[in-house]
Amino acid sequence: MEIAVIGAGHVGLVCAACLAGIGHRVRVQDIDGDRVEELARGETPFLEPGLDELLGEGRKSGRLSFHTDPADALPDAKLIFICVPTWTNGDTADLSAVVAAASAVAKHAADDAVLVNRSTSPVGTLEYIRTLVEEERGSALDVVSNPEFLAEGTAVADFLAPYRIVIGAWEEWAVERLVEAYRPILDGLLPEPTRRWVKGREATRTIPVPLLITAPETAELTKYAANAFLAVKISFINEMATIADRFGADVDEVSTALGLDPRIGPHFLAAGLGWGGSCFPKDILVLKGMAETSGVSARILSAANEVNTDQRRWVVHKLRSNLKTLLGRRVALLGLSFKPNTDDIRNAPALEIADDLVRLNVHVRAFDPAVTRLPAPLDGSVEIAADPIAAATGADALVVATEWPQFADLPLAELRAVMRVPLLIDGRNCIDPDRARAAGFIYVGVGRGGGDVLPINGRASGAATGESRQDPASLTPMHPAMPAGRPTTDPAGAGR
Ligand code: UGA
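Residue numbers run consecutively from 1 along every chain, following the written order of its sequence. The predicted nature of this model means local features are confined to residues of pLDDT at least 70 and side-chain atom pairs, given and counted, to a pLDDT of 80 or more, with totals for whole chains, interfaces and linings taken over all residues. Excluded from the side-chain calculations are hydrogens and water; all other atoms, namely the structure's heavy atoms, are used.

A. Region of the structure containing the pairing of strand β3 (residues 64-67). Of the two faces of β3, both are covered, the one formed by Leu-64 and Phe-66 as well as the one formed by Ser-65 and His-67. Pairing analysis gives four bridges linking strand β2 (residues 25-29) to β3, with the strands arranged parallel. Paired with Gln-29 across the strands is His-67, a residue of β3. Throughout this description, buried means an accessible area under 20% of the type-specific maximum (1.4 Å probe, protein chains only), exposed means over 50%, and partly exposed covers the range between. Secondary structure elements are taken from DSSP: a helix is a run of H or I of four residues or more, a strand is a run of E of two residues or more, and numbering for both begins at the N terminus. Note on pairing: DSSP must find at least two bridges between two strands before they are called paired.

B. Fine view of the sheet that holds strand β15 (residues 423-426). Taken together, the six strands give an open sheet; going across it, the order is β13-β12-β11-β14-β15-β16, and neighbouring strands pair in parallel fashion. Each edge of the sheet is formed by a strand with only one pairing partner; in this case those strands are β13 (382-384) and β16 (442-445). Each strand axis lies, on average, 20 degrees off the axis of its neighbour in the sheet, ignoring direction. Where strand β11 (residues 330-334) and strand β12 (residues 363-367) come together, five bridges link them in parallel fashion. Residue pairing in the sheet places Ala-332 in a bridge with Arg-365 of β12. Only heavy atoms enter the contact rule, under which two residues are in contact if any of them lie within 4.5 Å. The axes are straight lines fitted to the C-alpha atoms, using for helices just the contacting stretch, and the angles between their N-to-C directions are given from 0 to 180°. Strands β11, β14 (397-400), β15 and β16 of the sheet are contacted by helix α14 (residues 314-323), whose axis makes an angle of about 160 degrees with β15.

C. A look at the pattern of salt bridges. Put simply, a salt bridge is a Lys or Arg side-chain nitrogen that is within 4 Å of an Asp or Glu carboxyl oxygen. Summed over all chains, the structure comprises 28 salt bridges. Across the pair Glu-352 and Arg-312 runs a salt bridge, and its minimum N-O distance is 2.5 Å. Pair noted here: Glu-352 is in helix α15 (residues 349-359) and Arg-312 is in the loop between α13 (299-311) and α14, with a separation of 40 residues, a long-range link. Of the charged contacts, one joins Arg-359 and Asp-356 as a salt bridge, the two residues approaching to 2.6 Å between their closest N and O atoms. Linking Arg-359 with Asp-356, this pair stays in helix α15, spanning three residues, or about one helical turn. Taken together, the shared-partner salt bridges connect Glu-152, Asp-344 and Arg-346 into one network.

And the structure:
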């Protein structure tokens, strides 16, 4: 089928590469001329496992091409996917890119084309798009909402082996057109070159893929609800982590026990530094805004958001409670991307932590397997190291901010040997505490006990885990003139 995809970002490119991979002819259009040239030259603009290979195969087969002019990409298409970003203005969505894309569709689409909106947009957007297109074109075009559930790092598998496909539409024939395009995916009959990207999903996916045909408003809300539910789950476990910390319980074991109950499930129960990325932060705000402007108070969303904001301060709090003063300290930050297997740093907890630390006059040296440059102003204030050892040399603390798989096997003894203070703050609970302690580290994980001690009857209780038996005040002070335990002089004060 002839398909056009508007938007060559994380969603659009994955859609285009996968649709070409299952045999369609796909033209990708983007207003960013540099990106289009880059793609035409054979370069993949961001890290997404499988994407580079699929784009390469699509170019080679001639089924994939890249354009800046909608007039080159849209006229022959039977399906036109809108995959452009929706930004936010506070808690309202900025639909300017969606509107511009819809306008291009109005001008250049064939009469029998179907417009498919995949950009996450507030309830009512499809209706709005339908009206805009009709007004601009002078005739109606069929439109459907088809929310994407692609998570960065697994987006190719999420597209080719989805857990469900949701289509919100008014016209049955428009749904049939989209179903026809998705047929190999729905039936689990992927052609050979694409099949390799779904290995490992056999046990968890259902074939045929569940297909939900709904009203457009329902499809639009489903997308927000899915992200919101996952975010709430994360905030829930992070709140449990804070409680676990107070009582010397281990939140990872709590999480394992919870996840074994099929009513709860094991996913999105990993305590850590809170959610980040380009989706959850904005989607929660927009859903909350949508609810509140219609008189519905979104209490659960507000609470989840608050917990997430607090969680971002966890690292600074733990550094402060263990090192006493932060002024002039050196911190090695491992991981910058918002999650592993991506080089995306949008709303990455690591960046917020780095920014807080820099403002507290901490010297930050960071290492990330995929991120080698930072945006301004952090590019001038955070040093990028070539490897974890270089980042840790002379450091007063090692902070793990992203759970890259390779961090589980860090050479801990070597790291310990080059550091000034053996403090390991594991913001993702991805390092084995016993291994860290055996290497000589004082280990602080999220909700794994330790770090803070709960006073019982006026005595420090000592939480259940190892490092709590060590007196944080015994850590080496940075300057003899600044003894450990001295009240902080950090500009941001103790309230952070
Ligand atoms: C998310 C959804 O998972 C996708 O289904 C959705 O399509 C996408 O947003 C979108 O709206 O486009 P993504 O933001 O790429 O995907 O990443 P996630 O894997 O969902 O992670 C989001 C955040 O939650 C990350 O910061 C991650 O570190 C954090 N997280 C995740 C936790 O803190 N704990 C967990 O147990 C899981």
